[in-house]
Amino acid sequence: TVASSILSFNLKKQTSVTVSVNSDDFEALTRGKVREVQIKGTDWSSKKNLTCKSLDISVGEVEVDYGKIVTTGRIEIKKPGGRGRAKLFMSFEDFRNFLKHPLTNEALNEVRMTFEDEAPKRDEASERLVLKAIFDEERNAVRTFQMQPLEDERVDVCDVSSGTNSSNSSSNSSSSSSSSSEQAERVKRFFETLELDLMGTKLRYRNMRVLENGVALDLYVLV
């Protein structure tokens, strides 16, 4: 009940917020341990415009300070925290909000680029995700990339502005091809190393699927 109230309060809008806690034996409660926590929701929008159509977050065994819940209404997770998985479905507009959100600024600064305001889309022929990016070294040029999720937390990125793939950078001889393949590699690195911190909940990229009406993200979670 406390978690559901906190989530609802911190969201600008939502259609549903459901929190399930598996801690049905008395010993677990008295020791401050829960076996699993699952959070589900639909049509979430944060106060800073991070949005998604649906999410399902499941975290394994965690220790909580029940005294703090009773006395302060705060939920405090004891170290080492809880690990789990998150599944989010975002429309392409939601994914645009995600790529432009302040949470991604640090990761974007690492690869010296920003994404265009235009929402990503699905290339019907290849079923890849199409994104547009601007790089710090050429602020007046917009490059278009296609991204294909692979297994094992990896992605393949192709610069369709020049037809250069992130996996064949060593085979390019011209300076323009080398530049574009290096930029494709930076887009690739952005996704593969992305970690977001949502008020103490860390989300890290695992995999994704590009669907006709949006993207389904699979993330690692550490609370």
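First, a word on what this report is: a plain description of the structure on this page. (Residues numbered from 1 in each chain as written. Predicted model: local features only at pLDDT ≥ 70, side-chain atom pairs only at ≥ 80, totals over all residues. Heavy atoms only, no water.)

### Looking at the pairing of strand β4 (residues 36-46)
Alright, step 1. Bridge count for strand β1 (residues 11-13) against β4 is two bridges, and the pairing is antiparallel. Note on β4: the bridge partner recorded for L11 is S46.
Alright, step 2. In this structure, strand β2 (residues 16-22) lies alongside β4, joined through seven bridges in antiparallel fashion. Looking at β4, one finds that S20 is bridged to Q38.
Alright, step 3. Strand direction decides the pairing type here: β4 and strand β5 (residues 51-59), joined by eight bridges, are antiparallel. Bridged to K40 within β5 is D56.
Alright, step 4. Taking the residues between adjacent antiparallel strands as the criterion, β4 and β5 are bridged by four residues, where N49 takes a positive phi near 70°. (Pairing = 2+ DSSP bridges. Helix = DSSP H or I, 4+ residues; strand = E, 2+ residues; numbered from the N terminus.)

### Here we look at the layout of surface pockets
Alright, step 1. As a volume, the second largest pocket reaches approximately 260 Å³.
Alright, step 2. If you go around the second largest pocket, the residues you meet are L103, E106, A107, E110, V111, R189, F190, T193, L194, E195, L196 and D197.
Alright, step 3. For the lining of the second largest pocket, the secondary-structure elements that each account for two or more residues are α5 (105-111), α6 (175-192) and β14 (195-198).
Alright, step 4. Residues of the lining of the second largest pocket, tallied by class, amount to six nonpolar, one polar and five charged. (1 Å grid on protein atoms, 1.4 Å probe; cavity = no way out; pocket = protein on both sides within 12 Å on 5 of 7 lines; lining within 4 Å. Points joined across faces, edges and corners; volume = space filled by probe spheres on them. Nonpolar A, V, L, I, M, F, W, Y, C, P; charged D, E, K, R; others polar.)

By themselves, these figures tell us nothing about what the structure is for.
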